[in-house]
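# Coordinate inspection notes
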Amino acid sequence: IRDYARFAKLPAPRLEPQQWGRFLEQLRSQVEFAWNGQYDDGVVSIDAAQMEQSLLNLIKNAHESGSPANEVQLILRRLPDQWRIDILDRGNGMSDTVLAQALLPFYSTKPAGSGLGLTLAQNFILQHHGGIEVDSRPGRTCFTVLLPLHTNRQENQ
């Protein structure tokens, strides 16, 4: 109940410009993943704490997939109107049943899991006017986070 109460009162994001390179290096100081450094000078307007928590949840899930930690990858791409972040692992993959429920609140395949990690990540990303997708098959799972290049706040300034 305590987890749900915290989850139900998510604060609105406080968007501030962040340089991808600094942001991702800070993230790498907390959890291992491979990143090729591409777009390290790119800037995105995010709530750093919320996006950090979202990506930590996704990367930690990738670690728990059975994939070696050094094979968990983060790929950052700049698309015409958005940033795309792919988090890939080489784990066992998800069954169709698990895949269909992965982003639902309180669904977990872990014995001690709350089932809120992926849902929290999804809600933070949605509050950033972004989206999240998942594709999984044996030996490969990819969570894709899409974030706008510009927010209304930036465009109005």
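Residues numbered from 1 in each chain as written. Predicted model: local features only at pLDDT ≥ 70, side-chain atom pairs only at ≥ 80, totals over all residues. Heavy atoms only, no water.

The phi angle at tyrosine 39 is positive, at roughly 65 degrees, despite the residue not being glycine. Position of tyrosine 39 relative to the elements: it lies in the loop between strand 2 (34-35) and strand 3 (43-46). Assessed through its relative accessible area of 28%, tyrosine 39 is described here as partly exposed. Residues other than glycine seldom take positive phi values, yet histidine 129 does so here, at roughly 65 degrees. Here histidine 129 lies in the loop between helix 5 (117-127) and strand 6 (131-137). Accessibility expressed as a relative area gives 62% for histidine 129, which makes it exposed. (Helix = DSSP H or I, 4+ residues; strand = E, 2+ residues; numbered from the N terminus. Buried < 20%, exposed > 50% of the residue type's maximum accessible area, 1.4 Å probe, protein only.)

Once that is clear, we can look at the environment of glycine 139. Within the element layout of this structure, glycine 139 appears in the loop between strand 6 and strand 7 (140-148). Residue classification places glycine 139 among the partly exposed residues on the basis of a relative accessible area of 32%. Note: C-alpha distance between glycine 139 and arginine 90 (49 residues apart in sequence) is 4.8 Å. If near-sequence neighbours (up to four positions away) are discounted, glycine 139 is found in contact with Asp89, Arg90, Gly91, Asn92 and Gly93. (Contact = heavy atoms within 4.5 Å.)

Time to look at the nonpolar core. As a rule of thumb, nonpolar side chains are buried together in soluble globular proteins. Counting residues in each nonpolar core, the largest one holds 29 residues, and the members touching the most others are Trp20, Leu55, Leu58, Leu74, Ile85, Ile87 and Leu147. At the level of secondary structure, the elements contributing two or more residues to this core comprise helix 2 (20-28), strand 3, helix 3 (48-63), strand 4 (73-78), strand 5 (82-89), helix 5 and strand 7. It is helix 3 that provides the largest number of residues to this core, a total of six residues. In this view, isoleucine 87 contacts Leu55, Leu58, Ile59, Ala62, Val72, Gln73, Leu74, Thr141, Cys142 and Phe143; residues no more than four positions away in its chain are not counted. (Core = buried A, V, L, I, M, F, W, Y, C linked by side-chain atoms within 4.5 Å.)

Bringing helix 5 into the picture now. Those residues of helix 5 not exposed but buried are Leu118, Thr119, Leu120, Ala121, Gln122, Phe124 and Ile125. Of the residues trailing helix 5, histidine 129 is marked for its positive phi of about 65 degrees.

In this section: the pairing of strand 6. With seven bridges joining them, strand 6 and strand 7 adopt antiparallel strand pairing. By the bridge assignment for strand 7, aspartate 135 is matched with cysteine 142. Between the antiparallel neighbours strand 6 and strand 7 lie two residues, among them glycine 139 with a positive phi of about 85 degrees. (Pairing = 2+ DSSP bridges.)

Glancing now at the pairing of strand 5. Within strand 5, six of the eight residues are buried, leaving the element largely enclosed by the surrounding structure. Strand direction decides the pairing type here: strand 4 and strand 5, joined by six bridges, are antiparallel. Bridging across to strand 5, isoleucine 75 finds its partner in aspartate 86. Once strand 4 ends, the chain turns through three residues before running back antiparallel as strand 5. Relative to strand 7, strand 5 is paired through eight bridges, and the arrangement is antiparallel. Pairing of isoleucine 87 across the sheet is with phenylalanine 143, part of strand 7.

In short, the description is geometric, and any link to function would need to be established separately.
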